[in-house]
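# What the coordinates show
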Amino acid sequence: MKRKRVLVLGPLSVRVRPRSLTVGIALLAAIVVLTVVAVMAGDYPLTIGQTLAALFSAGDDPLAQFFVQGQRLPRVVCAVLVGLALACSGAIFQPLAGNPLGSPDIIGFTVGAATGALVQITLFDGGPAATALGAVLGGFGTALVVYLLAWRSGLAGFRLVLVGIGVAAVLQGVNSLLVVRASLTAAQTAAQWLAGSFNTSTWSDVAITALALAVLVPAAVVLSRPLGAMTMGDEAAIGIGIRVEPTRLALVIVGVALVSVATAAAGPIAFVALAAPQLARRLTGAPGVGMIAAGLMGAMLVLASDLVAQRLFAPTQLPVGVVTGSLGGLYLIWVLTREWRRNA
Amino acid sequence: MTAAAVAAAPPQPRRGVGRRRFWGIAGSVAALILLAALSLAVGSNPIPLDEVWRLLWTPDGSVDASVVHDQRIPRTLLLVVVGSALGVSGALMQSLTRNPLADPGVLGINAGASLAVVGAVAVFGLTSIWFFLWFAFAGAAAGAIIVYVLGSTGRTSPTPVRLALAGVAISMAVSSLVQTVILSNQNAFNEFRFWAAGSAEGRGFPVLTAVAGFIVVGLVIALCLGPALNALALGEETGRALGVRVGLVRAGVMAAVALLAGAATAAIGPIMFVGLAVPYLARALCGSDQRWVLPATMIAAPAALLAADIVGRVIAHPAEVQVGILTAILGGPVFIALVRRRRIEAL
Amino acid sequence: MSATVSEQSGPRVRARDVTIGYADRAVVSGLDVAIPTGELTVIIGPNACGKSTLLRGLARMLPTRAGVVELDGAPIGSYPAKEIARRLGMLPQSPIAPDGIVVEDLVARGRYPHQGLLRQWTPQDDDAVAGALERAGVADLATRPVDELSGGQRQRVWIAMALAQQTPILFLDEPTTYLDIAHQVEVLDLARSLQRDGFTVVVVLHELNLAFRYATHLVVMKAGAIVAEGAVADVVTPELIEEVYGLPCRLVTDPETGTPLVVPKASTR
């Protein structure tokens, strides 16, 4: 048996998987390229030179600087952060639920976070910070409701998912109801927000999100080690010394917080939490949860989707949630055809 | 799981079940009539019932008369017909897949139909229901197959959980695609602004006459399949041993479901949970004999849908909340209660 | 690979007056047991007698509602989770192999109790995994996906994972269920060779004849209590089998190993 490649740096001794490393670097490169393209593109097109100049406030075009620094850059950074958060959340919940389709956007957490935010927007006229808080409360509230309803002398993964589906359906209806009953101006904002969009991303949105992720993402990475082992079943995990219940609780808290923060920033965006972790795993082929690769994949997907959403039917701007949803549909079809071929 | 009652089973004690059945069906009929009447009276322009009665027989060209005759009557009739279709298609699917959670909304069938409709309108630009109805059927059938296959990944037959998950995933994807099409195509946008959430508003006689025929055919097929479904409820092999032509029955059910769910969706858009909750109630009242469950569902489901629509007209008066939203909010808890109650087979 | 022989050759795992059960019922009550070090202890008993429950209670998979389980003289709850995992390894009854995982990666999971946030993989881990694969006889399957293996091979892979933990004590919960006889013998031969190398092995079995063949210490349970305990030759009699299983039988001697073989009496019906 070959020795595993290990990277040693002082007290740190971690395994290095060449394929995962390559994939990670490739994704990072893709993110950088897409960032530059996204900042260049738009109704006020810029060349690379102008873009770079505007980025570093070195150019002589104040309009370009405004667009780049004031609008496009925050939008792009927000997209990256949101993609990162959603993917990590999905990477947490899919193994927890024991099912690749047990993703937070399917079991209602995303919708619940949206409900919380919508309540702020339509009933209390809240600003971005209040909306973010509303989303987090909504997300946690939904998670609590789903867990309580699914609990019946123990928590079976499948019951959790099914209850989540039911709760998601109800909350989706509630969201539509809130929009219908809201005052005209609030309804506009709400309806737009509900579709998921980066159109109104500001630096303050980015700041709040980045702050939250600075805590949550490292926590998710640290927790992903025991999570990987927990996929072998609770008893096997206890057997190798994992404290299953506390770890699970921590994972749920981090996962819900991630999806709530992401939803607060850009509205409910579907399918990234579902698809990013799985796509990343297919590429890296690594066992275990692959949190970092999933996060990078999510960031890239959202960035790419936002670009498509802006440019596909220009000047009509599609909401990014619609693009990710459609891409998600294609992803599912691809999964299907693979299954067909495998079982045929 | 639901206890299977076969035609050859020993006769059930007549008192208990017979009585429940009778009152259940009588109650449903009464509710249906009452709700239909209410549906004619309630709305952004409320008309008292005695007025309604008068206007029904002697239309006098007034605004109220036109509201009753041109809007509420077709709307009510449409809801009745569509409700029947949704309820029975749910009952059929639950029986065939032996899965209490099967519902054309949950399993993505309605979503598939809606995508096909919206896509057809966007691509061909025609908005006549006679045109896109066929796409709805195809979409419903495709949706059913896709969800079935996705739910069976890695195994030979899908468990209830995987089917539900697959259905939800597909529904989400599809609704995003539907949104994309609607937002990018003016024709589709105008025609389907409200329809996409499930709405009976502004759907008049043309829609009704278009779908009614197909729904009736679907209902007839369903009723004829009743006895065969009873036998099949014991399992495929047992059913075969009892002489059921399994392949034929399965094809018949799929055809009926495609007709019913497709027509219903083409008429008023995708609706969730009616096909889930009503058959469950029907089985609670009538036992699991499909020869009773199907007719009971045919009567109770329209009542449920009418109730949801009426609530939708009242709750945000004078604006209307689409009936699809109401069925989601009211039906979701039923779904959850079902999940909690039943011993759902694990993965 | 052999276990380090501990200074105390007395029992390392004991239960004192334990009551273990699930939500509303106690399966095992007021039970005392001491697992002898360095022996292959087999726990047998009829269905639902509590043998798996006892094993899982001893391995701290199930909490005790009364009484205490001791590991190396101290209550097992007082040890940090990883410390227990360095002393006691367990093969659970129905472990789940994550989708698509290969053998050596699954076995590598067993190194968790020896690793930490900073020390995620070291050459010692490599050695331990290689040794475990070798010992369990699955070294040539190292790069194969676990879900492609046969039942017997899969069991040995899970045992390899427990071996990678490098624990001197090993618990195996019904390791032979669903295996055909050749694979059952394969797995139990491995258990025996581990015991001969100094491991303390505890196995729950329901096949009596295999239990008698392999056990160096037998524990017989019925209805949540221990009915008999000791060496097979001392403990096993036809009366015991009839009392515990309700099966009138005769005992003959296994011509290969000299251990008892249960022969049910022919029914006169």
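Here the structure is a predicted model, which means the values were calculated and not measured.

The helix and strand tally for chain B stands at 13 helices and zero strands. For chain B, the succession of helices and strands along the chain, N to C, is α-α-α-α-α-α-α-α-α-α-α-α-α. Buried positions account for 56% of the 347 residues belonging to chain B.

The next subject is the environment of A:Gly239. Relative to the elements of secondary structure, A:Gly239 occurs in helix α9 (residues 234-239). According to the relative accessible area criterion, A:Gly239 is buried, its value standing at 4%. On a C-alpha basis, the gap between A:Gly239 and A:Ile31 in space is 40 Å, while along the polypeptide they are 208 residues apart. The residues contacting A:Gly239, other than those within four sequence positions of it, are C:Arg60, C:Met61, C:Ala85, C:Leu88 and C:Gln165.

Listed as interface residues are 30 residues of chain A and, on the opposing side, 38 residues of chain C. Summing both sides of the interface, chain A and chain C together bury roughly 2900 Å²; the carbon and sulfur share of this comes to 59%. Where chain A meets chain C, there are two salt bridges. Note that A:Glu235 and C:Arg56 form a salt bridge whose closest N and O atoms lie 2.6 Å from each other.

This part covers the sheet that holds strand β9 (residues 217-222) of chain C. Residue and element names in this part refer to chain C. The six strands are arranged β6-β7-β8-β3-β9-β10 in an open sheet whose pairing can be described as mixed. Two strands bound the open sheet, and with one partner strand each, they are β6 (88-91) and β10 (225-230). The mean angle between the axes of side-by-side strands here comes to 15°, regardless of whether they run parallel or antiparallel. Bridge analysis of strand β3 (residues 40-44) against β9 gives four bridges, and the strand direction is parallel. Of the residues in β9, the one forming a bridge with threonine 41 is histidine 217. Packing against the sheet, helix α1 (residues 51-58) makes contact with β3, β6, β7 (169-173), β8 (200-204) and β9, and its axis sits at approximately 150° to β7.

Time to look at the sheet that holds strand β5 (residues 74-75) of chain C. All names here are of chain C. With respect to topology, four strands assemble into an open sheet ordered β2-β1-β4-β5, the strand pairing being antiparallel. Both edges of this open sheet fall to β2 (25-35) and β5, since each of them pairs with a single strand only. Across six bridges, strand β1 (residues 13-22) lies against strand β4 (residues 64-71) in antiparallel orientation. Bridge pairing in β4 places valine 13 opposite leucine 71.

It is worth spelling out the packing of helix α4 (residues 109-123) of chain A against helix α5 (residues 128-150) of chain A at this point. Residue and element names in this part refer to chain A. For the pair α4 and α5, interaxial distance at closest approach is 6 Å and the crossing angle is 135°. In terms of their interaxial angle, α4 and α5 are classed as oblique. α5 is crossed by α4, and the crossing has right-handed handedness. Across from Phe109, Gly112, Ala113, Gly116, Ala117, Gln120 and Ile121 in α4, the residues of α5 making contact are Ala130, Thr131, Gly134, Ala135, Gly138, Gly139, Thr142, Ala143, Val146 and Tyr147. Broken down by class, the residue content of the contact of α4 with α5 amounts to nine nonpolar, eight polar and no charged.

With that out of the way, let us pick up the confidence of the model for chain B. On average, residues of chain B score 81 in pLDDT, and 89% of them are at 70 or above. Per-element confidence in chain B is highest for helix α12 (residues 290-315) of chain B, whose mean pLDDT is 91, and lowest for helix α7 (residues 186-192) of chain B, whose mean pLDDT is 70.

What follows covers the pairing of β6(C). All names here are of chain C. Of the two faces of β6, the one carrying Leu88 and Met90 and the one carrying Gly89 and Leu91 are both buried. Pairing between β6 and β7: four bridges, direction parallel. Counterpart to leucine 88 in the pairing with β7 is isoleucine 169.

Let us look at the environment of A:Ala275. Residues and elements named next belong to chain A. When you line up the elements, alanine 275 lands in helix α11 (residues 272-284). What makes alanine 275 buried here is its relative accessible area of 4%. Residues alanine 275 and proline 100, spaced 175 residues apart in sequence, show a C-alpha to C-alpha distance of 9.2 Å.

Contacts between the two partners involve 43 residues from chain B and, on the opposite side, 44 residues from chain A. For the pairing of chain B and chain A, the buried interface totals around 3600 Å² over both sides, and the portion due to carbon and sulfur atoms is 81%. The tally of links between chain B and chain A comes to zero salt bridges. Counting residues per element, the ones that place at least two in the side of chain B that touches chain A are α5 (129-151), α6 (160-184) and α13 (323-341) of chain B. The element best represented in the side of chain B that touches chain A is α6(B), accounting for 16 residues. Looking at side-chain class alone, the side of chain B that touches chain A contains 30 nonpolar, eight polar and five charged residues.

Next up on the list: the nonpolar core. A:Leu258, B:Leu92, C:Phe171 and C:Leu218 are the most contacted members of the largest nonpolar core, which has 282 residues in total. The element best represented in this core is helix α3 (residues 62-97) of chain A, accounting for 17 residues.

Rules and cut-offs
Within any chain, residue numbers begin from 1 and follow the written order of that chain's sequence. Chains carry letters and ligands carry numbers; both start at the beginning, A for chains and 1 for ligands, and go up in the order they are written. With pLDDT at 70 or above as the cut-off, local features in this predicted model cover only qualifying residues; side-chain atom pairs require 80 or more to be listed or tallied, and sums for whole chains, interfaces and linings still use all residues. Only hydrogens and water are set aside; all other atoms, that is, all heavy atoms of the structure, feed into the side-chain values. Numbering of helices and strands runs from the N terminus; a helix is a DSSP stretch of H or I covering at least four residues, while a strand is a stretch of E covering at least two. Burial classification: accessible surface area is computed with a 1.4 Å probe over protein chains only, and a residue below 20% of its type maximum counts as buried, one above 50% as exposed, and the rest as partly exposed. Residue contacts are counted whenever heavy atoms from the two residues lie within 4.5 Å of one another. Put simply, buried area is the surface a 1.4 Å probe can reach on two separate parts but cannot reach once they are joined, added for both. By definition, a salt bridge exists where a carboxyl oxygen of Asp or Glu is found within 4 Å of a side-chain nitrogen of Lys or Arg. Should DSSP find at least two bridges between two strands, the strands are taken to pair. Angles run from 0 to 180 degrees between N-to-C directions of axes, and those axes are lines fitted to C-alpha atoms, restricted for helices to the stretch in contact. Note that the term roughly parallel is reserved for angles under 35 degrees, roughly antiparallel for angles over 145, roughly perpendicular for angles of 65 to 115, and oblique for everything else. For any pair of crossing helices, the crossing counts as left-handed if the nearer helix is rotated counterclockwise from the farther one by less than a right angle, and right-handed if it is rotated clockwise. In this classification, Asp, Glu, Lys and Arg are treated as charged, Ala, Val, Leu, Ile, Met, Phe, Trp, Tyr, Cys and Pro as nonpolar, and every other residue, Gly included, as polar. Confidence of the predictor at the level of single residues is captured by pLDDT, which takes values from 0 to 100. Residue types Ala, Val, Leu, Ile, Met, Phe, Trp, Tyr and Cys, when buried and joined through side-chain atoms within 4.5 Å, form a set referred to as a nonpolar core.

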